[in-house]
Amino acid sequence: MASNPLKRPAPHAFDDNDSNIDHPVGKREDHRNKTILDGQATLLPVLDSYGSTDDATYVIENSLMALKVRRVEEYRQPVYIPPMAKANLQAKDEDLFPLMAKVQEFLDSDRQVMLILGDSGAGKSTFNRHLEHHLWTHYTNGDPIPLIINLPAIERPDQDMITKQLQMHDISNDQIQEMKHHCQFILICDGYDESQLSANLHQTNRLNQRGQWRTKMIISCRTQFLGPVYLDRFAPQLTDRYTKARSDLFQEAVIAPFSTKQVEDYVARYVPLEPRPWVTEDYMLMLTTIPNLMDLVRNPFLLTLTLEALPSVTRSQQ
C-alpha cells in the first residue's frame, strides 16, 4: 500500500487581501513546499496514537469502507424517479434540467455551496438519499467522502456538525482529526427548514477556511420556509457574519413538480412492487379522468398517498 493513499488537500496560497475561504473539493493545486509543514503540529498527536502514518491510513480506510458497505446496504428506495429542476425561483417553469446532472456540475466546479429548494413533499430528502447512495456506490479510497447529515437529528448543527455526524457513525475522535486534515467531504445537509435554522452553516462551521474541513455542501430547504432574501443564509462568507456573502461560490436549484410522463413512470414502477388490484393503465385512467387529480399528484409525496388510496376510494364509484 502506498504510504498515504488518503488524498491530503493541497494548502491554499492566501493573499493578505483575500478571504480565508480555501479551494473547494476538486481544486488540487500543487504547493509541495508548504504541504509538509501544513497542519503538522496538529497531526503529531494523532499519528502517535497509531504509531505511523501507514497505521492511521489503514485504520481510516477500513472505517470508510465499512461505512460505505453499511450505507449502501441501508439504502431503501423502491421507486425513484430522477427529479427535474430549474435554476432558481425566478426561472421559467419550462426551463428545466436533470437535477443530478446539475449537482455533478456543481461538484466539478469551484463553487462551495448548492441550495436545493422545493415544496413540501417535492422529493428533496429522497433525492438527497439517492445522491448519497450514488456517491458511496462509486466511492474509492481517496475520493471526497459523501456524508449525509439529517440536520434535525444533530444538536446544534451550527457548530461542529461534521464531527457530530462522524461520531454517530462510530468514527473515533483520533480518526476524525486525521480525516479533518487529510480528507475532503461532500456534505449533504437535509432538512434545514425542519431544524428551524437561521444560521449560515457554512460560515458557523468554518468550512473551507485555513486548517478546517474541506468540503462541498449541498443543503436542502423547503421553499416556503425562506423569505424573499436568503442568500446570506447559505452563500459562503469571507471571514465572519459581518462580511459580504460570496455569491460566486453559491449555486441553487428548485425541484420542479412531476410531469405527466414522470407520474406514469412512477406508477409503472410502483405497481409491480406487490400484488395490487389494478394495473398501470387503471391507475393512469383514474389519475387523468378524475378532475384536478393529476395536478395534485405532481407532488411525489401526494402521488404515493393517492396510489395507495385510489382502489378503495373508487370501489364504490365515488
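Counting from 1, residues in each chain are numbered in the order their sequence is written. Confidence filtering applies because this is a predicted model: local features only for residues at pLDDT of at least 70, side-chain atom pairs given and counted only at 80 or more, and all residues used for totals across whole chains, interfaces and linings. The basis for every side-chain value is the complete set of non-hydrogen atoms in the structure, without hydrogens or water.

As annotated in an unreviewed UniProt entry, the protein chain carries the name WD_REPEATS_REGION domain-containing protein and comes from Linnemannia gamsii.

(A) Just the layout of surface pockets, in detail. Looking at the largest pocket, its volume works out to about 540 Å³. Gln77, Gly123, Thr126, Pro300 and Phe301 are the residues nearest the centre of the largest pocket, which is lined by 31 residues in total. Among the secondary structure elements, those contributing two or more residues to the lining of the largest pocket are α5 (124–137), β6 (214–222), α10 (260–270) and α13 (300–314). Polarity classes work like this: nonpolar for Ala, Val, Leu, Ile, Met, Phe, Trp, Tyr, Cys and Pro, charged for Asp, Glu, Lys and Arg, and polar for all others, with Gly in that last group. In terms of residue class, the lining of the largest pocket is made up of 15 nonpolar, 9 polar and 7 charged. Cavities and pockets are found on a 1 Å grid laid over the protein atoms alone: a cavity is a set of points where a 1.4 Å probe fits but cannot escape, a pocket is an open set with protein on both sides within 12 Å along at least five of seven lines, and a lining residue has an atom within 4 Å of such a point. Grid points are joined across faces, edges and corners, and a volume is the space filled by probe spheres set on the points. Each helix corresponds to a stretch of at least 4 residues labelled H or I by DSSP, and each strand to a stretch of at least 2 residues labelled E; elements are numbered beginning at the N terminus.

(B) Region of interest: the nonpolar core. What we call a nonpolar core is a set of buried Ala, Val, Leu, Ile, Met, Phe, Trp, Tyr and Cys residues that are connected through their side-chain atoms within 4.5 Å. For the exposure calls, accessible area comes from a 1.4 Å probe over protein chains only, and a residue counts as buried if that area is under 20% of its type's maximum, exposed if over 50%, partly exposed in between. Leu187 and Ile219 are the most contacted members of the largest nonpolar core, which has 38 residues in total. Only α3 (53–74), β3 (113–118), β4 (145–150), α6 (161–168), α7 (173–182), β5 (184–190), β6 and β7 (250–255) provide two or more residues apiece to this core. If we skip the residues at most four places from it in the chain, Leu187 touches Leu147, Ile149, Met161, Ile162, Leu207, Thr215, Lys216, Met217 and Ile218. By definition in these notes, contact holds between two residues if any of their heavy atoms fall within 4.5 Å.

(C) Summary view of the sheet that holds β6. Here we have 7 strands laid out as an open sheet, ordered β2-β1-β7-β3-β6-β5-β4, and mixed in their pairing. In this open sheet, the two strands that pair with only one neighbour each are β2 (97–98) and β4. Note on pairing: two strands pair once DSSP finds at least 2 bridges between them. Two elements, β5 and β6, share 6 bridges in a ladder whose sense is parallel. Bridge assignment links Ile186 to a residue of β6, and that residue is Lys216. Helix α4 (residues 99–107) rests against β1 (84–86), β2, β3, β5, β6 and β7 of the sheet, and its axis sits at about 160 degrees to β3. Interaxial angles span 0 to 180 degrees and are taken between N-to-C directions of axes, which are lines fitted to C-alpha atoms, for helices over the stretch in contact.

(D) Examining α6 more closely. All buried positions along α6 are accounted for by Met161, Ile162, Thr163, Gln165 and Leu166. Lining the buried residues of α6 we find β4, α7, β5, α8 (201–204) and β6. Downstream of α6 by one or two residues, Asp170 has phi in the positive range, about 65 degrees.

(E) Representation of the packing of α6 against α7. α7 packs onto α6 with a crossing angle of 135 degrees between their chain directions and a minimal axis gap of 10 Å. When the axis of α6 is compared with that of α7, the two are oblique. For α6 against α7, the interelement crossing comes out right-handed. For the pair formed by α6 and α7, the contact residues are Thr163, Leu166 and Gln167 on the first element and Asn173, Ile176 and Met179 on the second. For the contact of α6 with α7, the per-class residue count stands at 3 nonpolar, 3 polar and no charged. Should an angle fall under 35 degrees it is taken as roughly parallel, and over 145 as roughly antiparallel, whereas 65 to 115 is taken as roughly perpendicular and any remaining angle as oblique. Helix crossings fall into two classes, left-handed where the near helix is turned counterclockwise from the far one by less than a right angle and right-handed where it is turned clockwise.

(F) Broad picture of the pairing of β5. When you tally the buried positions in β5, you get 7 out of 7 residues, the bulk of the element. A two-sided burial pattern is seen for β5, the buried positions comprising Gln184, Ile186, Ile188 and Asp190 on one face and Phe185, Leu187 and Cys189 on the other. Examined bridge by bridge, β4 and β5 share 6 bridges and lie parallel to one another. Pairing of Pro146 across the sheet is with Ile186, part of β5.

(G) Representation of unusual backbone geometry in the model. Positive phi is not limited to glycine here, since Arg206 has a value of about 55 degrees. Note on placement: Arg206 falls in the loop between α8 and β6. A positive phi angle, close to 65 degrees, is found at Asn208, a residue other than glycine. Looking at Asn208, the relative accessible area reads 0%, which means it is buried.

(H) Examining the pairing of β6 more closely. The element β6 is largely enclosed, with a buried count of 8 among its 9 residues. Pairing geometry for β3 and β6, over 6 bridges, is parallel. Note on β6: the bridge partner recorded for Leu117 is Cys221.

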